[in-house]
Amino acid sequence: MFTHYHRAHGDTDMRIVFLVPSLARLMPDRPAVFLASDLAREVLLALTGARNYDDAAPGYSRSARSRLLRVLVDELREARERPLHLPEPRDDRLQAIARMLCETPADSTTLAELGKTIGASTRTLSRLFRDELGMTFYEWRTQLRVYHALVLLADGHDTTQTAFACGWANPSSFIAAFTNIIGTTPGRYRTGRQTTAHASPLPTVVNSSE
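Residues numbered from 1 in each chain as written. Predicted model: local features only at pLDDT ≥ 70, side-chain atom pairs only at ≥ 80, totals over all residues. Heavy atoms only, no water.

Q: Is there a simple way to explain the packing of helix α4 (residues 92-103) against helix α7 (residues 137-154) in this structure?
A: When two helices pack together, their arrangement is given by the angle between the helix axes and the distance between those axes. Following both chains from N to C, one finds α4 and α7 inclined at 35 degrees, their axes separated by 10 Å at the closest point. Crossing of α4 against α7: the hand is right-handed. Residues Ile 97, Ala 98, Leu 101 and Cys 102 of α4 lie in contact with α7, whose contacting residues are Phe 137, Trp 140, Arg 141, Leu 144 and His 148. In the contact of α4 with α7, the residues fall into seven nonpolar, one polar and one charged. (Axes fitted to C-alpha atoms, helices over the stretch in contact; angles between N-to-C directions. Helix = DSSP H or I, 4+ residues; strand = E, 2+ residues; numbered from the N terminus. Left-handed = near helix turned anticlockwise from the far one by under 90°. Contact = heavy atoms within 4.5 Å. Nonpolar A, V, L, I, M, F, W, Y, C, P; charged D, E, K, R; others polar.)

Q: Help me understand the packing of aromatic side chains in this model?
A: Any two aromatic rings considered together are summarised by their centre-to-centre distance and by the angle between their planes. By the definition in use, this model includes six aromatic pairs. Both rings, one in Phe 178 and one in Tyr 189, keep their centres 5.9 Å apart while their planes meet at 65 degrees; by these two values the pair is edge-to-face. Placement of the pair is Phe 178 in helix α9 (residues 171-182) and Tyr 189 in helix α10 (residues 186-196), with a sequence separation of eleven residues. Of the residues examined, Phe 178 reaches a relative accessible area of 0% and is grouped as buried. The ring of Trp 168 carries Arg 145 above its face, with NZ or CZ at 5.9 Å from the centroid. (Phe/Tyr/Trp six-rings, centres within 6.5 Å; stacked < 30°, edge-to-face > 60°. Buried < 20%, exposed > 50% of the residue type's maximum accessible area, 1.4 Å probe, protein only. Lys NZ or Arg CZ within 6 Å of the ring centre and 35° of its normal.)

Q: Is there a simple way to think about the packing of α4 against helix α6 (residues 122-133) in this case?
A: Look at α4 against α6: their axes get within 10 Å of each other, and the N-to-C directions meet at 95 degrees. The angle between the axes of α4 and α6 places the two elements in the roughly perpendicular class. Facing α4, whose interface residues are Arg 93, Leu 94 and Ile 97, α6 presents Thr 124, Leu 125, Leu 128, Phe 129, Glu 132 and Leu 133. Here the contact of α4 with α6 is built from residues that sort into six nonpolar, one polar and two charged. (Parallel < 35°, antiparallel > 145°, perpendicular 65-115°, else oblique.)

Q: What's the story with the nonpolar core in this structure? I'm lost.
A: In globular proteins that are soluble, nonpolar side chains generally tend to be buried together. With 17 residues, the main nonpolar core has Val 17, Leu 19, Met 27, Leu 47, Leu 69 and Leu 72 as its most contacted residues. Listed by contribution, the elements that provide at least two residues to this core are α1 (21-24), α2 (38-47) and α3 (62-78). Take this core: its biggest share by element is five residues, from α3. Counting 16 residues, the second-largest nonpolar core is a separate cluster that includes Leu 86, Leu 114, Ala 120 and Leu 125. (Core = buried A, V, L, I, M, F, W, Y, C linked by side-chain atoms within 4.5 Å.)

Q: Would you mind going over a nonpolar patch on the surface with me for this structure?
A: A contiguous nonpolar surface patch, about 270 Å² in accessible area, is contributed by Met 14, Ile 16 and Phe 18. Among the secondary structure elements, Phe 18 is positioned in the segment before α1. (Patch = residues over 30% accessible without salt bridge, like charges linked within 9 Å, V, L, I, M, F, W, Y side chains within 5 Å. Areas by Shrake-Rupley, 256 points an atom, 1.4 Å probe, with all protein chains shown as cover. Salt bridge = Lys/Arg side-chain N within 4 Å of Asp/Glu carboxyl O.)

Q: Even after reading the chapter, I still don't get the environment of Ser 63, so can you show me in this structure?
A: Assignment of secondary structure puts Ser 63 in helix α3. Classification of Ser 63 as partly exposed rests on a relative accessible area of 41%. Side chain to side chain, Ser 63 and Ser 61 meet in a polar contact 3.1 Å long. (Polar contact = N/O pair within 3.5 Å; in protein donor to acceptor, adjacent residues only side chain to side chain.)

Q: Could you clarify how one ought to interpret the confidence of the model for the protein chain in this entry?
A: Of the residues in the protein chain, 80% reach a pLDDT of 70 or more, and the chain-wide mean stands at 83. Predicted confidence is poor over residues 195-210, with pLDDT under 50, and the contacts of this stretch with residues over four places away or in other chains come to 34 contacts. (pLDDT = per-residue confidence, 0-100.)

Q: Can you help me understand helix α5 (residues 111-118) in this one?
A: The periodicity of an α-helix, 3.6 residues per turn, causes residues three or four positions apart to be oriented the same way. Within the sequence span of α5, burial applies to Leu 111, Leu 114 and Gly 115. Around the axis of α5, the buried residues are gathered within 105 degrees of arc, so they sit on the same side. Relative to its buried face, α5 has exposed residues pointing more than 90 degrees away, namely Lys 116 and Thr 117. On its buried face, α5 is in contact with α4, α6 and α7. Once α5 finishes, Gly 119 follows within two positions and takes phi at roughly 80 degrees, a positive value. (Arc of directions from axis to C-beta.)

Q: Help me out: how do you make sense of the pattern of salt bridges in this one?
A: Inspection of the entire model under this criterion finds four salt bridges. A salt bridge links Arg 93 to Asp 91, with the nearest nitrogen and oxygen atoms 2.9 Å apart. A relative accessible area of 16% places Asp 91 in the buried class.

Q: Looking at this structure, how should I read the environment of Ala 176?
A: Within the element layout of this structure, Ala 176 appears in helix α9. Along the sequence, Ala 176 and Pro 186 sit ten residues apart, while their C-alpha atoms lie 9.3 Å from each other.

Structure below.
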């Protein structure tokens, strides 16, 4: 069980499907994000469409829904998980750094300079990032910046504006980092959101047991 909340930016269509424990066990035991295949997308839309959301007014029989859910799970198990998890620090020193960078993601202050501000050495902070968060400081900050970039793009900002607002020196380096993490360019991501706002949206899939 995970305590969590949702926050949407831009035009968003959220579809939620609950999985029975036997299917939920086939999925990651933690929150995870997948890029839905065309088939997974259509199955999800079918399961959450009019008269198909639950058994109260079923458009599909219970057995048909079970088969569709199995198809959805099979598709997600084959999908590439998106590396969008941004771990939150527990150490007070890392939390102080996280607060500063979350408020100003374009800040390019080095780890050494941040360490002087909070009273910790570069070596200590580097070790804490590796041991507690499983990544280097620069990997974590890049991930944080991409998170902010997703919000700005969803709100309609273009690639160049977003690149500078999130701390990249030029759009090309931003595009490379964004594509490496998200799997598509910022321009295609933004265009895809605009397109799906007027058609059937690409859903975000969240799995959970009943």
